[in-house]
Amino acid sequence: MDTSRRAFLTGAGALTCGAAAASVGAKAAKAGPQRHGGDPSKRYAMVIDLRRCIGCQACTIACSTENRIPIGEFRTIVSQYDVRDANDPDGAVYSFTLPRLCNHCDNPPCVPVCPVQATFQREDGRVLIDEEVCVGCGYCVQACPYDARFINPVTNTADKCTFCVQRVDAGLLPACVETCTGGARMFGDVKDPESHVSRVLAEAGDEVKVLRPEMKTAPHVYYIGLDTRFQGKVDGAPAMWTKIRESQEA
Amino acid sequence: MPAIIETVNITHEAAWLPWAVFYFFFAALAFSAAIISTAWTLLRRPGWKRAARMALLVLLSSAIVAPVALLADLHQPGRFWHFYTHFTPWSWMSWGALFLPLFVALAIVYSWLALTQPKDGRLAWAIRPLAMATLAFALLVALYTGMEVMVVKARPIWNTALLPWAYLFTGLMGAAGLALVVDAFIPGDHATAERKLSKVMGYAALLSLLTLGLWLAEGLTGISDAAARTIAAISGSAYWRMIGLALALSLAVPILGFFIRGLPLAVLGLIAVAAMWAFRWVVFMDGQMIPKTGAGLYAYRLPMGADGLLGIIGIIGLWLAVIIIVTTITGPAPRQGAAQPAE
């Protein structure tokens, strides 16, 4: 066999193998990640009534204490804003508070990107991370539309709210719900029509909103009293950042 | 007075470190150099022998360095083997974990063989099939590195179908530019190789600029919602306007070789490499400083340690060491008309 024919056959072989692998891969990829673990008869969710939130950050502290989050990182935080009527610049300024956390989406973008299946979803809807498997690549941090994930500097793995899985599995409420002074945070099973959260959601009707609905992630953190200007990236002025940031903005 | 002032929030640190910039930089140099090298090793285009040799040197050195940067970007590098024990076919990164080592292995064998050309000619027959296989995997690495970032809807600046093309075109520009720089340090007949490589660099720079122009047009006209949202987020920032202008200018410089004769092509090549790197820095590091939910922009401060300046110096130093070793071992380039490897 002359070398050019051999070269052609070798190359063609490589391309065929590549095409076959791509075809198998495409089929497997269509299957997508499967939920596992947890109780399929439940679907946990959180409802946050913003009319009751006073921005005290008790939830932030309770979460960090319960889950031993390193200083400077947060699984939940209450963002706060000064808001005025754009058409009335001399009018009154009011405060708007917005607790943020993982939305435990039904269509979580963080799960399919994880290259080692460390991020997964349980049958009860909670999105969790297997710390022993996570390689700390940060892909899930990028994919989360809510900036709810971070790389934990102690474990060097991805980290985020678990709806306090250790507490809920023991029959307790998540720490942030337990400690919420205004009773703004509510937690429960939305598959149970008699649960407190189901009743609150039914009563609120059209008042119920989610963050970033355009991402089609089907979030399971519901807000009552959410100003639509805060549903996505907030179009406002940052006020608390460092001098570096100010020089960038100048 | 703005209608909304954010008074309490947190800055989200960049999860992808400068190491990621350098991984995408060296990976693009490698896959682009592999593509350029086939002009001679596969197609035997006249006048391409020395130019292809320079591309092979870029390929070999970059293919060795790229995985080091990738491993360093993992926060748990010791767990890299999880990629293989937990293969995930629906994740582009998981596919990349398969493509990259195969590409690197093929690239090393192929470029080494093509550069050293064993005198007895026993393995000369292997160069072409190796070139084909390396080219196939180079295209797969180009595909996965582009798609991996493009699919992230949460970051509108990444979520554009133009991004993989921008990676490819800037990669070809940078690889040709780096080959020109390497060429300047290796004695021999420079003229033909310079002509070929500067042409690739110029056309790739032109395509890169057109791609960025298309993205801007998509955003300004609202054809692309992601591009429009990105522009809305950054247009008020003097910093972004400055880096946008600097990037456009540095991408335009490699095209000057078409119009002005006698320009030092190695210098243009170096600017092309810098522009290629800067494009990735802006996309990754500055891109991560656009909050997904918060107001304004976050500030990035380059750490001085391994995840910042020290890492940058280290990885550039590693590439320099590798290219010096490789060029020393492989020896000077044969003259343009010298005997060809057996076919």
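Everything quoted here is computed from the prediction, not taken from an experiment.

Visitor: Whenever I open this one, the overall build of chain A confuses me. Can you help?
Guide: Each helix and strand in chain A was counted, giving eight helices and eleven strands. When each of the 250 residues of chain A is scored for burial, the buried share is 40%. Taking as baseline every contact in chain A between residues at least 6 positions apart, the subset at least 24 positions apart corresponds to 59%.

Visitor: Honestly, the overall build of chain B in this entry has me stumped. Any pointers?
Guide: When you go through chain B residue by residue, the secondary structure sums to twelve helices and one strand. Against the compact-globule benchmark of 20 Å for 343 residues, chain B has a radius of gyration of 21 Å, which places it among compact chains. Looking at chain B residue by residue over its 343 residues, the buried ones come to 53%. Counting contacts in chain B only where the partners sit at least 6 residues apart, residues at least 24 apart contribute 76% of the total.

Visitor: Can you help me understand the pairing of strand β1 (residues 44-49) of chain A in this one?
Guide: Each regular strand displays side chains that alternate between the two surfaces of the sheet. Residue and element names in this part refer to chain A. Extensive coverage of β1 is indicated by the burial of six of its six residues. Burial of β1 is two-sided: the residues Y44, M46 and I48 facing one way and the residues A45, V47 and D49 facing the other way are all buried. As defined by bridge partners, β1 adjoins strand β8 (residues 185-189) across five bridges and the pair is classed as antiparallel. The residue bridging V47 from the neighbouring strand is M186, located in β8. In this structure, β1 lies alongside strand β10 (residues 221-224), joined through four bridges in parallel fashion. Opposite V47, over in β10, you have Y222 as the bridge partner.

Visitor: For this particular structure, what's the right way to read the pairing of strand β2 (residues 77-83) of chain A?
Guide: One ladder, built from seven bridges, connects β2(A) with strand β3 (residues 94-100) of chain A; its direction is antiparallel. Looking at β3(A), one finds that Y81(A) is bridged to F96(A). Pairing of β2(A) with strand β1 (residues 4-8) of chain B, which is carried by four bridges, proceeds in the antiparallel orientation. Along β1(B), the bridge assignment pairs Y81(A) with E6(B).

Visitor: What should I look at first to understand the nonpolar core in this one?
Guide: Nonpolar side chains tend to gather and get buried jointly when the protein is soluble and globular. Ranked by internal contacts, the top residues of the largest apolar core, which has 172 residues, are A30(B), A55(B), V58(B), V141(B), A176(B) and A179(B). At 18 residues, the largest contribution of residues to this core is made by helix α1 (residues 18-41) of chain B.

Visitor: Would you mind going over the packing of helix α7 (residues 190-221) of chain B against helix α9 (residues 238-252) of chain B with me for this structure?
Guide: Two measures define how a pair of helices packs: the angle their axes make with one another and the distance between the axes. Residue and element names in this part refer to chain B. Close contact between α7 and α9 brings their axes to 9 Å; oriented N to C, the two are set at 150°. By the angle between their directions, the pair α7 and α9 is classed as roughly antiparallel. For the pair α7 and α9, the contacting residues are A205, S208 and L209 in the first and A248, L251 and A252 in the second. Here the residues of the contact of α7 with α9 sort into five nonpolar, one polar and no charged.

Visitor: What is the right way to look at the interface of chain A and chain B in this model?
Guide: Many authors give the size of an interface as the accessible area that is lost as the parts come together. With 66 residues of chain A at the interface, the matching set in chain B holds 54 residues. Mapped by element, the contributors of at least two residues to the side of chain A that touches chain B are α1 (3-31), β2, α3 (110-113), α4 (139-143), β6 (150-151), β11 (237-238) and α8 (243-249) of chain A. In terms of residue count, the dominant contributor to the side of chain A that touches chain B is α1(A) (eleven residues). Its residues placed into classes, the side of chain A that touches chain B shows 39 nonpolar, 17 polar and ten charged.

Visitor: Explain the packing of α1(B) against helix α5 (residues 127-150) of chain B to me, please; I cannot follow it from the model alone.
Guide: Residues and elements named next belong to chain B. Running from N to C, α1 and α5 point in directions that differ by 145°, and their axes come no closer than 9 Å. Where α1 crosses over α5, the two elements pack in a sense that is left-handed. For the pair formed by α1 and α5, the contact residues are F24, A27, F31, A34, I35, T38 and T41 on the first element and I127, R128, A131, T134, L135, A138, V141, A142 and T145 on the second. Across the contact of α1 with α5, the residue classes tally to eleven nonpolar, four polar and one charged.

Visitor: What is the right way to read the sheet that holds β2(A) from this model?
Guide: Paired through backbone hydrogen bonds, the strands of a sheet run either parallel or antiparallel to each other. Read from one edge to the other, the open sheet built from four strands follows the order β3(A)-β2(A)-β1(B)-β11(A), with strand pairing classed as mixed. Both outer strands of the open sheet, β3 and β11 of chain A, are each paired with one neighbouring strand and no more.

Visitor: How should I be thinking about the sheet that holds β8(A) in this particular structure?
Guide: Residues and elements named next belong to chain A. Taken in spatial order, the four strands of this open sheet run β8-β1-β10-β9, and their pairing is mixed. The two strands at the open ends of the sheet, each matched to only one other strand, are β8 and β9 (208-209). Each of β1, β8, β9 and β10 is contacted by helix α7 (residues 196-204), which is oriented at about 115° to β8, the strand it contacts most.

Visitor: Help me understand the environment of L245(B), please; the structure alone is not making it clear to me.
Guide: With respect to the helices, strands and loops of the structure, L245(B) is situated in helix α9. Residues L245(B) and V151(B), 94 residues apart in the sequence, show an inter-C-alpha distance of 26 Å.

Visitor: I tried to follow the environment of F87(B) on my own but got confused; where do I start?
Guide: Topologically, F87(B) is positioned in the loop between α3 (82-85) and α4 (92-116). Between the alpha carbons of F87(B) and A39(B) there is a distance of 35 Å; along the sequence they are 48 residues apart.

Visitor: Sorry if this is basic, but what is going on with unusual backbone geometry here?
Guide: Peptide bonds are mostly trans, and most non-glycine residues show a negative phi. Even without being glycine, C164(A) reaches a positive phi, approximately 45°. Mapped onto the elements of the fold, C164(A) is located in the loop between β7 (158-159) and α5 (165-168). The backbone phi angle of R44(B) is positive, close to 55°, even though this residue is not glycine. Topologically, R44(B) is positioned in the loop between α1 and α2 (49-73). R44(B) sits in the partly exposed class, given 14 other C-beta atoms within 10 Å.

Visitor: Can you help me understand the confidence of the model for chain B in this one?
Guide: Where the model shows low pLDDT, its predicted coordinates should not be examined in detail. All names here are of chain B. Averaged over every residue, the pLDDT of chain B is 92; residues scoring 70 or more account for 96%. Here residues 336-343 is modelled with pLDDT under 50, and outside its nearest four sequence neighbours on either side it reaches eleven contacts, counting other chains as well. Listed scores for the predicted complex are pTM 0.90 and ipTM 0.91.

The rules behind these values
- Residues numbered from 1 in each chain as written.
- Chains lettered and ligands numbered in written order.
- Predicted model: local features only at pLDDT ≥ 70, side-chain atom pairs only at ≥ 80, totals over all residues.
- Helix = DSSP H or I, 4+ residues; strand = E, 2+ residues; numbered from the N terminus.
- Buried ≥ 20, exposed ≤ 12 C-beta atoms within 10 Å, placed from the backbone.
- Contact = placed C-beta atoms within 7 Å.
- Rg over C-alpha atoms; globule rule 2.2 N^0.38 Å.
- Pairing = 2+ DSSP bridges.
- Core = buried A, V, L, I, M, F, W, Y, C linked by C-beta atoms within 7 Å.
- Axes fitted to C-alpha atoms, helices over the stretch in contact; angles between N-to-C directions.
- Parallel < 35°, antiparallel > 145°, perpendicular 65-115°, else oblique.
- Nonpolar A, V, L, I, M, F, W, Y, C, P; charged D, E, K, R; others polar.
- Left-handed = near helix turned anticlockwise from the far one by under 90°.
- pLDDT = per-residue confidence, 0-100.

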